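Topology and contacts: notes
Chain by chain, the residues:
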Amino acid sequence: MSAELGGRNGRQGKLSQWLRGRRPKETGADDAGREALLLAAAGAGLPLAPAAHPAPGYRCSCDRVGCPTPARHPVSFAWQTQSTTDHAQIERWARHQPQANFITATGMVHDVLDLPLEAGREALERLLGAGIEVGPVAESDDGRLLFFTLTRGTPEDEDEWWPCELDCHPETADEHPGLRWHCRGSYVLVPPARLPGDQSVHWVRGPEHPLPDPLSLLEILTDTCARYAGEEPDHANAAAWPHRN
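Basis of the calculations
Residues numbered from 1 in each chain as written. Predicted model: local features only at pLDDT ≥ 70, side-chain atom pairs only at ≥ 80, totals over all residues. Heavy atoms only, no water. pLDDT = per-residue confidence, 0-100. Helix = DSSP H or I, 4+ residues; strand = E, 2+ residues; numbered from the N terminus. Contact = heavy atoms within 4.5 Å. Pairing = 2+ DSSP bridges. Axes fitted to C-alpha atoms, helices over the stretch in contact; angles between N-to-C directions.

**Side note on the confidence of the model for the chain**
Of the residues in the chain, 72% reach a pLDDT of 70 or more, and the chain-wide mean stands at 80. Here helix α7 (residues 235-238) is the element of the chain with the lowest mean pLDDT, 38, and strand β6 (residues 137-140) is the one with the highest, 98. With pLDDT under 50 throughout, residues 1-29 is counted as low confidence; its partners more than four residues away or in other chains account for three contacts. Taken as a whole, residues 232-245 scores under 50 in pLDDT and shows 25 contacts with residues more than four places along the chain or in a different chain.

Here it is, written out as structure tokens:
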């Protein structure tokens, strides 16, 4: 019997080793790889803060009943002041919270232009084909493509800016099914991140690419979104999107 148990334990040990060897490939990053990707994002100037992660049964780790954004929100209400690019702090968070996703707060160093996936893929192809500098781009398996850009800034005179109906705050994201512009007061998940249902957020173009001016991308992004929505782009209104006088 002991030989049988030993054989079973041996097989179980080999199976455990095999699963441990497979898991990083299936999830896209082991702990070291996850940490390296987070530090690369911080090194590119993206301020990070810990976020929730998926829990069994398509639930969120926050345990809020009916959480509207499972695994997609910060764990702290102070995420704007908590967000940092400090490598030591990010390493501590990553090691003490090994399941946590991370968000990056927009409007400090960078903004994010967030498109439906198919429109975003076409826009990316058009931008690269036109020789336009495109920065980091992330894909979310729930159907969005995220273009990371320089922030439009925080001018001393707020009247220098036109209002933008596309400004996207976390609580209003669903109100913008087309193009969303994440700027001050908003955030997005930064890769690598896990979503319920074995979905993920991952880089298509990594944070080693310099952040571009958002206005250099906007015409193609709005044109592509409008076509996928079955509408003609409103170029007159596009001219009134945020810019500095």
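**Overview of the sheet that holds strand β5 (residues 110-116)**
Strands sit in the order β8-β5-β7-β6-β11-β10 across an open sheet of six strands; the sheet is antiparallel. Two strands close off the open sheet at either side, each with one partner strand: β8 (180-182) and β10 (193-195). Between one strand axis and the next, the sheet turns through 25° on average, direction left out of account. Where β6 lies against strand β11 (residues 199-205), four bridges are found, and the strand directions are antiparallel. Across the sheet, the residue bridging to Val137 is Arg205, located in β11. Contacting β5, β7 (144-150) and β8, helix α6 (residues 215-228) runs over the sheet at an angle of about 15° to β5.

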